[in-house]
Amino acid sequence: MEVKAQAKRAIPYSIGISVFNIVVALFGMVFLVRYLEAVEYGVLAILTGLPVIFNLLISFGYDQYILRYIPNISESKLVGDIIWRIVFKRMALAIIFSLLLIATFDIYSERFELTEYYPHLVIFQIVVVFRIGNNLLNISFGVRFLQKQVLLLGVIYQALRISAIIYGVIEKKDLQFFILAFTVAEIIRILLSSILFSKHFGQPRLRKLIQSRDESKEEKSYRNISYLNSLGTSFLGTDIDRYVLGYFSTNVQVAIYAIATKILTHLLYLYPSKMFKSVIEPAFYSKYDNSTNESDLNNMFQFLFNANTMIGFMFISIFYPLGDKLLMLVFEQKYIEQVFWPLLIFLIFIVFYAIPLGLVANAIKKPKILLYSKISVVVNIALGIPSAYYFGAIGMAAATAFSVTLKNAIIYLLSSKYVTIRLPWMSTWKALINALITLGVLYLLDEYLSLPVIISLVIGIIIYIVLLKVNPILTPDQKNLLLTLVPNKFGALAKALI
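Cut-off values and rules
Residues numbered from 1 in each chain as written. Predicted model: local features only at pLDDT ≥ 70, side-chain atom pairs only at ≥ 80, totals over all residues. Heavy atoms only, no water. Helix = DSSP H or I, 4+ residues; strand = E, 2+ residues; numbered from the N terminus. Buried < 20%, exposed > 50% of the residue type's maximum accessible area, 1.4 Å probe, protein only. Contact = heavy atoms within 4.5 Å. Areas by Shrake-Rupley, 256 points an atom, 1.4 Å probe, with all protein chains shown as cover. Salt bridge = Lys/Arg side-chain N within 4 Å of Asp/Glu carboxyl O. Axes fitted to C-alpha atoms, helices over the stretch in contact; angles between N-to-C directions. Parallel < 35°, antiparallel > 145°, perpendicular 65-115°, else oblique. Left-handed = near helix turned anticlockwise from the far one by under 90°. Phe/Tyr/Trp six-rings, centres within 6.5 Å; stacked < 30°, edge-to-face > 60°. pLDDT = per-residue confidence, 0-100. Patch = residues over 30% accessible without salt bridge, like charges linked within 9 Å, V, L, I, M, F, W, Y side chains within 5 Å. Expected span 1.5 Å × (residues − 1). Bend = angle between axes of the 7 residues up to and from the residue. Polar contact = N/O pair within 3.5 Å; in protein donor to acceptor, adjacent residues only side chain to side chain. Core = buried A, V, L, I, M, F, W, Y, C linked by side-chain atoms within 4.5 Å.

Visitor: What is the right way to look at the overall build of the protein chain in this model?
Guide: Across its full length, the protein chain holds 24 helices and zero strands. Relative to its 498 residues, the protein chain shows a buried fraction of 54%. Contacts in the protein chain between residues far apart in sequence, at least 24 positions, make up 82% of those at least 6 positions apart. Of the roughly 22400 Å² that the protein chain leaves accessible, carbon and sulfur atoms contribute 66%.

This is the structure we're talking about:
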């Protein structure tokens, strides 16, 4: 089946995954933020960042290897052997690092205000190990256009988590109960993921698990450079920032920062580059591999750029005038007022972050560009530590936003040596104009009518959609491309919105 047909078949499930993650996961987060004290939520935020830290140390670029090379392997059994070997070895390494973390608890616990939470950290190591396996299997399902399986697993997993959260809140359970419940949910997810993966690609074979696989020089180089790039990316990521804040500030600031980044993560699922990530990346690479045409590369790049820009400016135009009221309406806790500015900073910077320059560098097989761009890590550390110390979550957000924007600028300049990247400036200006008009109308409504915040939110979305029809961001060709990818039963709705 050709790439476009596979992508079209997978897209409804990608949409389902994104919508489900936004609605259900955000729902669970709201319950926890309302229920837990700020310090406890800060501790939970530190623990939930551990899978990212572990993956940073032990991935060795295999996640990027799966994204780049597995889509082009035709034999399912071979795919199974490769993936099972990767999953088995990464989880084994994760167990070793978990034991080390437990053994050295006394060294770091006081600095991160964890001294009373040793049992919590020990239990959470099960989540860490299994989540690494689950994430690798999810990536593998995605690159083989099996988004239906990802959605099914996500529904079951989130249903377990939400049920546990609701029960825990009603019964007034402590933090350890929630960690135990999340552990059970992770164990069930790895079991179901393994069963589904075995059904499509065969069961793990012991001989294949322990033997090494010969890689081509190109594959090994790509994987190693991708790993070094991932190390740099992680130091620009918000999960690492939690530990900087925990060390140089307080767990309350960690909680504020974690809530801002959690909201941001859920909003990101509405960005086309995120919503369709598991479809876009293999399709993007396969399309370019087949044509090696610079024009095709730019068409794909501009389509994603404009689609992301369209969503990004809508978020900014609505959040800036209404964000403080929306946050208090949803979360109620007094300290939530401090989430507004870090989140606004992230919403502005994500317009630049969502530019799909990394896809271009990977498509032309120049991962070294991504590696060189990590010079911005030095900037992030140099700015992040004093910013976290003096300004807490706001300072950390500003340092990270600036550093990631610098990283994208470096990728653009270096990629331009190999291909001509045409940035769609006209579409960007149109998006800015639409955002400013929407923002202005919402301010006037708030000033003279004082409408309920939910009514203002709906009005803001409607105004922005109307402006998209009057002052469109997508070009006619990009609209047609989007409509050809959307399933027929959603075609009329998509046409009305864009």
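Still more to cover.
Visitor: Any chance you could explain the environment of Ala164 here in plain terms?
Guide: With respect to the helices, strands and loops of the structure, Ala164 is situated in helix H8 (residues 147–170). Note: C-alpha distance between Ala164 and Phe178 (14 residues apart in sequence) is 7.1 Å. With near-sequence residues (within four places) excluded, Ala164 lies in contact with Phe177, Phe178 and Ala181.

Visitor: Mind showing me how you'd approach the pattern of salt bridges here?
Guide: Oppositely charged side chains can pair when the atoms bearing their charge come close. One pass over the structure, following the stated rule, counts three salt bridges. Residue Arg131 pairs with Glu186 through a salt bridge whose shortest N-O separation is 3.2 Å. In this pair, Arg131 is assigned in helix H7 (residues 118–143) and Glu186 in helix H9 (residues 175–201), connecting sequence segments 55 residues apart. We note a salt bridge from Glu186 to Arg189, for which the minimum N-O separation is 2.6 Å. Of the two residues, Glu186 and Arg189 are both situated in helix H9; the distance of three residues between them amounts to about one turn of the helix.

Visitor: Explain the packing of helix H21 (residues 425–448) against helix H22 (residues 453–470) to me, please; I cannot follow it from the model alone.
Guide: Two quantities define a packed helix pair, namely the angle between the axes and the distance from one axis to the other. Look at H21 against H22: their axes get within 9 Å of each other, and the N-to-C directions meet at 150°. Taken as axis vectors, H21 and H22 run roughly antiparallel relative to one another. Considering only the axes of H21 and H22, their crossing is right-handed. Contacts between H21 and H22 involve Ala431, Asn434, Ala435, Ile437, Thr438, Val441, Leu442 and Leu445 from the former and Ser456, Ile459, Gly460, Ile463, Tyr464, Leu467 and Leu468 from the latter.

Visitor: Please explain the packing of aromatic side chains as it appears in this structure.
Guide: For any two aromatic rings, the description comes down to two numbers: the centre-to-centre distance and the angle of the planes. Counting across every chain of the model gives 14 aromatic pairs. Relative to Phe340, the ring of Phe319 lies with its centre 5.1 Å away and its plane at 15°, an arrangement referred to as stacked. Taken together, the residues Phe319 in helix H16 (residues 294–331) and Phe340 in helix H17 (residues 340–353) connect sequence positions 21 residues apart. The same class applies to Phe319 and to Phe340, which are both buried.

Visitor: Looking at this structure, I do not really get the confidence of the model for the protein chain. What am I missing?
Guide: Fine structural detail should not be taken from predicted coordinates in areas where pLDDT scores are low. Confidence along the protein chain averages 80 in pLDDT terms, with 81% of residues attaining 70 or more. Taken element by element, the predicted model of the protein chain shows its lowest mean pLDDT in helix H24 (residues 491–497) (64) and its highest in H22 (92).

Visitor: Just checking my understanding: could you explain the environment of Gly142 for this structure?
Guide: Checked against the element boundaries, Gly142 lands in helix H7. Considered as a pair, Gly142 and Ile66 are 76 residues apart in the sequence and their alpha carbons are 9.9 Å apart.

Visitor: What is the right way to read a nonpolar patch on the surface from this model?
Guide: Among the surface-exposed residues, Leu329, Val330, Ile454, Val458, Ile462, Val466 and Val470 lie close enough to one another that they form a single nonpolar patch of about 600 Å² accessible area. Of all the secondary structure elements, the ones that give two or more residues to the nonpolar patch are H16 and H22. At five residues, the largest contribution of residues to the nonpolar patch is made by H22. Along the chain, the position of Ile454 falls in helix H22.

Visitor: Honestly, unusual backbone geometry in this entry has me stumped. Any pointers?
Guide: Where the residue is not glycine, phi is negative for most of them; where a peptide bond is considered, it is trans in most cases. Unusually for a residue other than glycine, Lys172 sits at a positive phi of about 60°. With respect to the element layout, Lys172 can be found in the loop between H8 and H9. Positive phi values are uncommon outside glycine, yet Ser450 reaches one of about 50°. Within the secondary structure, Ser450 is located in the loop between H21 and H22.

Visitor: What is the right way to read helix H20 (residues 376–415) from this model?
Guide: In an α-helix, one full turn covers 3.6 residues, which means residues spaced three or four apart are oriented alike. An ideal rise of 1.5 Å per residue puts 58 Å on 40 residues; H20 reaches only 16 Å between its terminal C-alpha atoms. Remark: the principal bend of H20, roughly 150°, maps to Phe391.

Visitor: Looking at this model, I keep getting lost on the packing of H16 against H21. Mind explaining?
Guide: Here H16 crosses H21 at 20°, and the two axes come no closer than 9 Å. When the interaxial angle is binned, H16 and H21 end up roughly parallel. By crossing handedness, the relation of H16 to H21 is classed as right-handed. Taking contact as the criterion, the partners of Phe305, Asn306, Thr309, Phe313, Ser317, Ile318, Tyr320, Pro321, Leu322 and Lys325 in H16 are, on H21, Ser427, Thr428, Ala431, Leu432, Ala435, Thr438, Leu439, Leu442, Tyr443 and Asp446.

Visitor: Any chance you could explain the side chain of Asn471 here in plain terms?
Guide: With respect to the helices and strands, the residue Asn471 is situated in the loop between H22 and helix H23 (476–485). A polar contact is formed between the side chain of Asn471 and the backbone oxygen of Lys430, at a distance of 3.4 Å. Leave out the neighbours within four places in its chain, and Asn471 touches Lys430, Ile433 and Asn434.

Visitor: Help me understand the side chain of Glu186 in this model?
Guide: You can call Glu186 buried: its relative accessible area is 0%. At 3.2 Å, the side chain of Glu186 and the side chain of Arg131 are in polar contact. Looking at Glu186, its side chain comes within polar contact range of the side chain of Asn134, at 3.0 Å. With near-sequence residues (within four places) excluded, Glu186 lies in contact with Val127, Phe130, Arg131, Asn134 and Tyr157.

Visitor: For this particular structure, what's the right way to read the nonpolar core?
Guide: The nonpolar side chains of soluble globular proteins are, as a tendency, buried together. Grouped together as the largest cluster of nonpolar side chains are 113 residues, with contacts concentrated most on Tyr41, Ile259, Phe331 and Tyr335. The element contributing the most residues to this core is H16, with 12 residues. When neighbours within four sequence positions are excluded, Phe331 is seen to be in contact with Met29, Val30, Val33, Arg34, Ile259, Ile263 and Ile336. Judged by nonpolar contacts, the second largest core, of 15 residues, contains Leu297, Ile355, Val360 and Ile369.

Visitor: I keep staring at the environment of Tyr443 and nothing clicks. Help me out?
Guide: Tracing the chain through its elements places Tyr443 in helix H21. Separated by 13 residues in sequence, Tyr443 and Ser456 place their C-alpha atoms 9.7 Å apart. Excluding residues within four positions of it along the chain, Tyr443 makes contact with Tyr320 and Pro321.

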